[in-house]
Amino acid sequence: MVISWVGTVSVAIFLARYYKQMWPETTHCKVKVWFAWHRFLNMVTVVLTSAAFILIFIHVGGWSSEWPANPHPLLGTITTALMWLQPIIALFRCDPEIGRASCRERV
């Protein structure tokens, strides 16, 4: 899980933040290069975090018995649920080139 959050997400955020301006028109298969890498790294993060989440539950044998004293299991579950929600929300995001007016028409 550390590899996915420190490694892949940080690079994906870095690409979206800085390379968006460096590669504004560079495309690969009609997709901007920075966005292709950003999307790929975020998908890798979802896969790695999901695998780690499942492995943790297998290793612990279910929900941790330390829950009231240790909030880590609850916070980890909430964070993982939000991580799974992020790609679903991204599917409903409007294309920036279309504009917001036609986006409102979809809703």
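Here the structure is a predicted model, which means the values were calculated and not measured.

Peer 1: Looking at this structure, I do not really get the packing of aromatic side chains. What am I missing?
Peer 2: The geometry of an aromatic ring pair comes down to the distance between the two centres and the angle between the two planes. A full pass over the atoms with the stated rule returns 6 aromatic pairs. When the centroid spacing of 6.0 Å and the interplanar angle of 85° are considered together, the rings of W37 and F40 count as edge-to-face. In this pair, W37 and F40 are both assigned in helix 2 (residues 33-60), 3 residues apart and thus about one turn of the helix distant. Aromatic pair F53 and W84: ring centres 5.7 Å apart, planes at 85°, arrangement edge-to-face.

Peer 1: When you look at the environment of T45 in this model, what are you seeing that I'm missing?
Peer 2: As for its position among the elements, T45 is in helix 2. Since its relative accessible area comes to 3%, T45 is described here as buried. When the C-alpha positions of T45 and M83 are compared, they lie 8.9 Å apart, and in sequence the two are 38 residues distant. Those residues in contact with T45 that lie beyond four places of it in its chain are S4, T8, V9 and M83.

Peer 1: What is the right way to read the side chain of S4 from this model?
Peer 2: Of note, S4 is situated in helix 1 (residues 2-22). A residue is classified by how much of its surface remains accessible, and S4, at 1% relative accessible area, is buried. The contact partners of S4, leaving out residues within four places of it in the chain, are V9, T45, L48 and T49.

Peer 1: Hey, could you run me through the layout of surface pockets in this one?
Peer 2: For the largest pocket, the calculated volume is near 1,200 Å³. Every residue lining the largest pocket is counted, 30 residues in all, and those nearest its centre are F35, H38, R39, A90 and R93. When contributions to the lining of the largest pocket are tallied by element, the ones reaching two or more residues are helix 1, strand 2 (31-32), helix 2 and helix 3 (72-91). Looking at the lining of the largest pocket residue by residue, the classes come out as 17 nonpolar, 6 polar and 7 charged. Put simply, the second largest pocket is a space of about 370 Å³. Lining the second largest pocket we find 18 residues, and of these I56, H72, P73, G76 and T77 sit closest to its centre. Here the lining of the second largest pocket gets 6 residues from one element, more than from any other, and that element is helix 3.

What counts and what doesn't
- Every chain is numbered independently, its residues counted from 1 as its sequence is written.
- pLDDT decides what is reported in this predicted model: residues at 70 or higher carry local features, side-chain atom pairs at 80 or more are listed and counted, and totals for whole chains, interfaces and linings draw on all residues regardless.
- As a rule here, side-chain values cover all heavy atoms of the structure and leave hydrogens and water aside.
- Put simply, two rings from Phe, Tyr or Trp (the six-membered ring, in Trp's case) pair if the centres are within 6.5 Å, and we call them stacked under 30 degrees between planes, edge-to-face over 60, tilted for the rest.
- Strands here are runs of E lasting at least two residues and helices are runs of H or I lasting at least four, both read from the DSSP assignment and numbered beginning at the N terminus.
- For every residue, the accessible area (1.4 Å probe, protein chains only) is compared with the maximum for its type, and the residue is labelled buried under 20%, exposed over 50%, or partly exposed between those bounds.
- Two residues form a contact once any of their heavy atoms are found within 4.5 Å.
- Site definitions follow a grid-based scheme: protein atoms alone, a 1 Å grid, a 1.4 Å probe that fits but cannot get out for cavities, and for pockets an open set with protein on both sides within 12 Å along at least five of seven lines, plus lining residues having an atom within 4 Å of a point.
- Grid points are joined across faces, edges and corners, and a volume is the space filled by probe spheres set on the points.
- Gly is placed with the polar residues, together with every amino acid not listed as nonpolar (Ala, Val, Leu, Ile, Met, Phe, Trp, Tyr, Cys and Pro) or charged (Asp, Glu, Lys and Arg).

Everything listed here is a matter of geometry and, on its own, says nothing about what the molecule does.
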